[in-house]
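The chain contents come next:
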Amino acid sequence: MLTVEQVMASQKANVETLLGLTAKAFEGVEKIVELNLSASKAALAETGDTAKAMLSVKDAQELLALQSGLLQPLAEKTAAYSRHLYEIATGASSEFTKAFEGQAAEAQQQFAGMVEAAAKNAPAGSETAVAVMKSSVAAATNALESVQKAVKQATEVAEANFNTMASTATSAAKPAAKKR
């Protein structure tokens, strides 16, 4: 059975975890705002440069060459922006995942401790019920670990797919820019 001190310590740890995760969430938002400001400043400067270049065009062929020259850098910048945004999101997500895994492991240990304490204090003849309870706890722990592994694998696959798509988009922009 849990004592008042254990409950208070658990609550204090939970509050500290919540405050830490809140700080990490704000860090992520701050990074996204910085990324967007930097991208906006760069886009504004490039828009001005492009407008000046378009005003100095003398014929249609020069205009087409200018347009095709803008396509590849735009695709590369878009891919770089997306990668940076993805890195920020996965960094914040990994912090939340670590915290969740830590809390889940602690909860599992506390529950296992409660089951052990109950088993020690169980009346004679309840060995079968205690064994079933311990087996259920072990099965639940294994199921949780399996889910965590599946989530990690899915995340890795999604990251690989994202990187492949970004690479493909950048590569596809190169021939398109050359064709014009």
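Draft legend 1. Fine view of the overall build of the protein chain. Along the protein chain, the regular secondary structure elements total three helices and zero strands. Taking 2.2 N^0.38 as the reference for a compact globule, 180 residues should give roughly 16 Å; the C-alpha atoms of the protein chain span a radius of gyration of 28 Å, well beyond that estimate. C-alpha extents for the protein chain along the principal axes are approximately 100 × 30 × 10 Å. Relative to its 180 residues, the protein chain shows a buried fraction of 11%. For the protein chain, contacts bridging at least 24 residues in sequence account for 77% of all contacts bridging at least 6. Carbon and sulfur atoms make up 64% of the accessible area of the protein chain, which totals about 13,000 Å². If you average the places of the 17 positive and of the 19 negative side-chain charges in the protein chain, the two averages end up 8 Å apart.

Draft legend 2. Examining the packing of helix α1 (residues 4-55) against helix α2 (residues 60-120) more closely. Interhelical geometry of α1 versus α2 gives an angle of 180 degrees and a closest axis separation of 11 Å. With respect to α2, the element α1 is oriented roughly antiparallel. A per-class count over the contact of α1 with α2 returns 15 nonpolar, ten polar and five charged.

Draft legend 3. Here's a closer look at the side chain of S68. Secondary-structure assignment places S68 in helix α2. Given the relative accessible area of 7%, S68 is considered buried. A distance of 3.0 Å separates a polar side-chain atom of S68 from the backbone oxygen of A65.

Draft legend 4. Highlighting the pattern of salt bridges. For the coordinates displayed, the defined rule picks out two salt bridges. Between K24 and E27 there is a salt bridge, and its shortest N-O distance comes to 3.9 Å. Remark: E27 and K24 occur in helix α1; sequence separation between them is three residues, near one turn of the helix. Taking the relative accessible area as the measure of exposure, E27 reaches 36% and is therefore partly exposed. Where K77 meets E46, a salt bridge forms, and the shortest distance between an N and an O atom there is 2.6 Å. Within this pair, whereas K77 is found in helix α2, its partner E46 is found in helix α1, the two being separated by 31 residues in sequence.

Draft legend 5. Broad picture of the confidence of the model for the protein chain. When pLDDT is averaged along the protein chain, the result is 79, and 92% of the positions lie at 70 or above. Put simply, helix α3 (residues 127-179) is where the protein chain has its lowest mean pLDDT, 72, and α1 is where it has its highest, 87.

Thresholds applied
Residues numbered from 1 in each chain as written. Predicted model: local features only at pLDDT ≥ 70, side-chain atom pairs only at ≥ 80, totals over all residues. Heavy atoms only, no water. Helix = DSSP H or I, 4+ residues; strand = E, 2+ residues; numbered from the N terminus. Rg over C-alpha atoms; globule rule 2.2 N^0.38 Å. Buried < 20%, exposed > 50% of the residue type's maximum accessible area, 1.4 Å probe, protein only. Contact = heavy atoms within 4.5 Å. Areas by Shrake-Rupley, 256 points an atom, 1.4 Å probe, with all protein chains shown as cover. Lys, Arg positive; Asp, Glu negative; His and termini not counted. Charge placed at Lys NZ, Arg CZ, Asp CG, Glu CD. Axes fitted to C-alpha atoms, helices over the stretch in contact; angles between N-to-C directions. Parallel < 35°, antiparallel > 145°, perpendicular 65-115°, else oblique. Nonpolar A, V, L, I, M, F, W, Y, C, P; charged D, E, K, R; others polar. Polar contact = N/O pair within 3.5 Å; in protein donor to acceptor, adjacent residues only side chain to side chain. Salt bridge = Lys/Arg side-chain N within 4 Å of Asp/Glu carboxyl O. pLDDT = per-residue confidence, 0-100.

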